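The chain contents come next:
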Amino acid sequence: MHKQTTWLVVGSTALVIFLILMGGVLTDAAWLQLFDTHFQTLLAHFDSANRTFTLKEVSLLGSPAVNLAIAAALAGCCWMIHDRFNAIWIICAEVGANGIAFVAKELVRRPRPTGQLVPDTGFSFPSGHTISTATLVLIVIFVLVPYFKDQEAQLAISLLSVIWLAVIAFARVYLRDHYPSDGIGAILLASFGGK
C-alpha cells in the first residue's frame with residue numbers, strides 16, 4: 001500500500017510540474033526561455049565532431065523504434081514465463097508513452113531549436129526519444145529488476161538504466177534537436193505514467 005501511495009504522489013507531482021512546464025512553452029514564458037537558452041549556451045562550448053558523431057549514434061539507440069523493440073522483447077520474455085500481466089503492461093506502457101508524446105507534440109507544436117547538429121523533423125515538446133527511454137527505464141526498474149534476487153545486481157541495473165536515460169536526454173539537447181525543457185517534460189510525463 002505504501003508503494004502505491006508513493007507512486008500516486010510522485011505521478012501527481014510530475015503531472016502538475018509537466019502542466020506548468022507545458023504552460024510555459026505555450027506562452028513562451030521568459031523564465032523558460034532563459035532556462036533553455038542558458039543550458040544551450042553552456043552546451044555549445046562542448047561542440048566537437050567526435051562528440052557529435054558519438055551522441056548521434058547514441059541517440060539512434062534511444063529512439064522510440066529501438067525502445068519499442070526492446071520493450072517487445074522484454075514483453076515476449078515475460079509472456080514465455082507466463083507473466084502475462086507484465087507482458088501486456090510493458091507493451092501498453094511503451095506504446096502509450098509514445099502515443100501521448102505524439103499527441104502532446106501536436107497540441108503544443110513547439111518548433112525545434114535552430115542550429116541542429118543532426119537535423120530532425122517534427123515538433124520539439126516533449127522529447128519523443130526521452131519519454132520513450134524514460135518509459136523503458138521504468139519498465140526495467142519495475143519489471144526486470146525484481147527478477148534479480150541479488151540487491152547489488154538490482155542496484156547496478158537500476159543505476160545503469162537511469163544513467164542511460166540521462167545520456168539520451170543529454171544527447172538530444174546536445175544535438176540541438178530539443179530544448180532542455182523538452183527532455184525534462186518528457187521525463188515528467190513518463191513519471192506520471194509510472195506504475
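Just above, that's the structure.
Residues numbered from 1 in each chain as written. Predicted model: local features only at pLDDT ≥ 70, side-chain atom pairs only at ≥ 80, totals over all residues. Heavy atoms only, no water.

K.L.:
Can you explain the packing of aromatic side chains? Please cite residues and give values.
P.N.:
Following the criterion strictly, the structure yields three aromatic pairs and no others. When the centroid spacing of 5.5 Å and the interplanar angle of 15° are considered together, the rings of Phe18 and Phe125 count as stacked. With a gap of 107 residues between them, Phe18 in helix α1 (residues 2-26) and Phe125 in the loop between α5 (84-108) and α6 (128-144) connect regions that are remote in the sequence. As far as the burial class goes, Phe18 and Phe125 line up, both buried. Between the NZ or CZ atom of Arg84 and the centre of the ring of Trp79, over which it lies, the distance is 4.2 Å. (Phe/Tyr/Trp six-rings, centres within 6.5 Å; stacked < 30°, edge-to-face > 60°. Helix = DSSP H or I, 4+ residues; strand = E, 2+ residues; numbered from the N terminus. Buried < 20%, exposed > 50% of the residue type's maximum accessible area, 1.4 Å probe, protein only. Lys NZ or Arg CZ within 6 Å of the ring centre and 35° of its normal.)

K.L.:
Let's hear about the nonpolar core: which residues, and what values?
P.N.:
Within the largest apolar cluster, 21 residues are counted, with the highest numbers of intra-cluster contacts made by Phe18, Phe125 and Ile131. Mapped onto this core, the elements with two or more residues apiece are α1, α5, α6 and α8 (180-193). The contacts of Phe18, once residues within four sequence positions are left out, are Phe125, Gly185, Leu188 and Leu189. If you look at the next biggest cluster of nonpolar residues, it comprises ten residues, including Cys78, Ala87, Ile139 and Val143. (Core = buried A, V, L, I, M, F, W, Y, C linked by side-chain atoms within 4.5 Å. Contact = heavy atoms within 4.5 Å.)

K.L.:
Give me unusual backbone geometry: which residues, what numbers.
P.N.:
For the bond running from Phe125 to Pro126, omega is -10°, close enough to zero to count as cis. With respect to the helices and strands, Pro126 occurs in the loop between α5 and α6. At Asp28, a position not held by glycine, the phi torsion is positive, near 50°. For His82, which is not a glycine, the phi torsion comes out positive at approximately 65°.

K.L.:
Would you mind going over the packing of α5 against α6 in detail, with residue names and values included?
P.N.:
Where α5 contacts α6, the axes come no closer than 9 Å and their chain directions differ by 160°. One element, α5, and the other, α6, form an angle in the roughly antiparallel class. For the crossing formed where α5 meets α6, the hand is right-handed. For the pair formed by α5 and α6, the contact residues are Asn86, Trp89, Ile90, Ala93, Glu94, Ala97, Asn98, Ala101 and Lys105 on the first element and Gly128, Ile131, Ser132, Thr135, Leu136, Ile139 and Val143 on the second. Partitioned by chemical class, the residues of the contact of α5 with α6 number nine nonpolar, five polar and two charged. (Axes fitted to C-alpha atoms, helices over the stretch in contact; angles between N-to-C directions. Parallel < 35°, antiparallel > 145°, perpendicular 65-115°, else oblique. Left-handed = near helix turned anticlockwise from the far one by under 90°. Nonpolar A, V, L, I, M, F, W, Y, C, P; charged D, E, K, R; others polar.)

The quantities given are spatial measurements derived from coordinates; they are silent on function.
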